[in-house]
Structure formats: structure tokens, C-alpha cells
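If you want the building blocks of each chain, they are given just below.
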Amino acid sequence: MTTLITHSGGCHCGRVRFEVVAPKRLTVSDCNCSMCSKAGYLHLIVTADRFKLLSGSEALSTYTFNTNTARHLFCSVCGVKSFYVPRSHPDGISVNARCIDSQTIEELTVMPLNGREWEAQFPQGRGTYT
Ligand SMILES: [Zn+2]
């Protein structure tokens, strides 16, 4: 059983702050889709109950495209996307591991994710939680 700890992080200007409960040693996904590859986003996907938005909800803007399932949330002041609701887990949250700044990450393992061929990557139409 992996011990879970609370990591914290946020956007660049500091308006958006969050806490996420996850292992110390994180495995995250580097997605090659049109959106994530441009942003350099590293996905840490958690169930909604493991994520807490501490501040900044009023600063968030939403961007959607393609199936409009994912809700790409970014800070309207500094532009940083520190978390969002992913198409693969519409009932969960994807935290951008690059935005965790609490220095609580012991080890970061980056796994490639083929989001460019999303339907082949997620034949069930969604992802699972680890
Ligand atoms: Zn910001």
C-alpha cells in the first residue's frame, strides 16, 4: 500500500492554489496530443475527492475543443494551466505535475501517453485510476 501525502501547487501568479493527495513517488503521463504537447503538460490524474482548490476559482477561464468533454482550465491572469478536467477522466482531475511546488515529490516517473490517437489509447472511451 502506497502512502499518500498532500502536495500543493498552483499557477504562476499565485491566484490559483490547490492541494492534491497522491504518493510521494509520482508516475505522470506526458501526452502527445495537440493541446498537451504545446503546453508541456504532465498529467497526474486523481479522483475528484483527492483534489482541493484552495483559491483562484474566480480567475479560472475554460477552454474546450473537439468533443468538448475536457474542460481545460487556466488562470486568466498568468495563463498557466495547473489542473483541469480531462476527457479520459471526466469525473476526476488532472493536475499538472509541473505546477506542484511544495517540494514534496520524491521521484517523478514520466510515461508517454498517445493522446494523439486518443480512441486507440482509451478503447473503453475513458481511462482508469491507478
Ligand atoms: Zn495565475
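I will try to describe carefully the structure that is included in this document.

## Overview of the packing of aromatic side chains
Consideration 1: Evaluation of the coordinates by the stated rule reveals six aromatic pairs.
Consideration 2: Ring geometry for Tyr41 and Tyr84: centres 5.3 Å apart, planes at 90°, overall edge-to-face. Separated by 43 residues along the polypeptide, Tyr41 in the loop between α1 (34-39) and β4 (42-47) and Tyr84 in strand β8 (residues 83-84) bring together distant segments of the chain. We note that Tyr41, like Tyr84, is buried.
Consideration 3: Cluster of aromatic residues (ring-pair linked, three or more members): Phe18, Phe51 and Phe83.
Consideration 4: Positioned over the ring face of Tyr84 is Lys81, at 4.0 Å from the centre of the ring.
Consideration 5: Here Arg87 stacks its cationic end above the ring of Trp118, 3.6 Å away from the centre of that ring.

## Examining the coordination of the zinc ion
Consideration 1: Coordination sphere of the zinc ion, protein contribution only: Cys11 (SG), Cys13 (SG), Cys75 (SG) and Cys78 (SG), at 2.3 to 2.4 Å.
Consideration 2: Angles of 103 to 120° at the metal separate the four donor atoms of the zinc ion, which places the site in the tetrahedral class.
Consideration 3: Judged by its relative accessible area of 1%, Cys75 is buried.
Consideration 4: Assessed through its relative accessible area of 27%, Cys78 is described here as partly exposed.

## Comments concerning the sheet that holds strand β1 (residues 4-10)
Hydrogen bonds along the backbone pair up the strands of a sheet, which may run parallel or antiparallel.
Consideration 1: Strand order in the open sheet formed by three strands is β1-β2-β5, and the pairing between neighbours is antiparallel. Only two strands of the sheet have a single neighbouring strand rather than two, namely β1 and β5 (51-55). Sheet twist, expressed as the mean angle between neighbouring strand axes with direction ignored, is 25°.
Consideration 2: Judged from the four bridges that link them, strand β2 (residues 17-23) and β5 form a sheet pairing that is antiparallel. The residue bridging Glu19 from the neighbouring strand is Lys52, located in β5.

## Some thoughts on the pattern of salt bridges
Consideration 1: According to the stated counting rule, one finds five salt bridges in the structure shown.
Consideration 2: Between Asp101 and Arg17 there is a salt bridge, with its nearest N and O atoms 2.8 Å apart. Here Asp101, found in the loop between β9 (92-96) and β10 (107-113), pairs with Arg17, found in strand β2; they are 84 residues apart in sequence, far enough to count as distant.
Consideration 3: For Arg17, a relative accessible area of 25% translates into the label partly exposed.
Consideration 4: With a closest N to O distance of 3.0 Å, Glu119 and Arg87 form a salt bridge.

## Here's the deal with the sheet that holds β4
Consideration 1: One open sheet accounts for five strands, arranged β8-β9-β4-β3-β10; its pairing is mixed. Either end of the sheet is taken by a strand with one partner, and the two such strands are β8 and β10.
Consideration 2: Where β8 meets β9, two bridges bridge the pair, whose relative direction is antiparallel. By the bridge assignment, Phe83 is partnered in β9 with Val95.

Quick notes on the rules
- Residues numbered from 1 in each chain as written.
- Predicted model: local features only at pLDDT ≥ 70, side-chain atom pairs only at ≥ 80, totals over all residues.
- Heavy atoms only, no water.
- Phe/Tyr/Trp six-rings, centres within 6.5 Å; stacked < 30°, edge-to-face > 60°.
- Helix = DSSP H or I, 4+ residues; strand = E, 2+ residues; numbered from the N terminus.
- Buried < 20%, exposed > 50% of the residue type's maximum accessible area, 1.4 Å probe, protein only.
- Lys NZ or Arg CZ within 6 Å of the ring centre and 35° of its normal.
- Donors = N, O, S within 2.8 Å, 3.2 Å for Na, K, Ca; no water.
- Tetrahedral: all angles 85-135°; square planar, octahedral: opposite > 155°, others 65-115°.
- Pairing = 2+ DSSP bridges.
- Axes fitted to C-alpha atoms, helices over the stretch in contact; angles between N-to-C directions.
- Salt bridge = Lys/Arg side-chain N within 4 Å of Asp/Glu carboxyl O.

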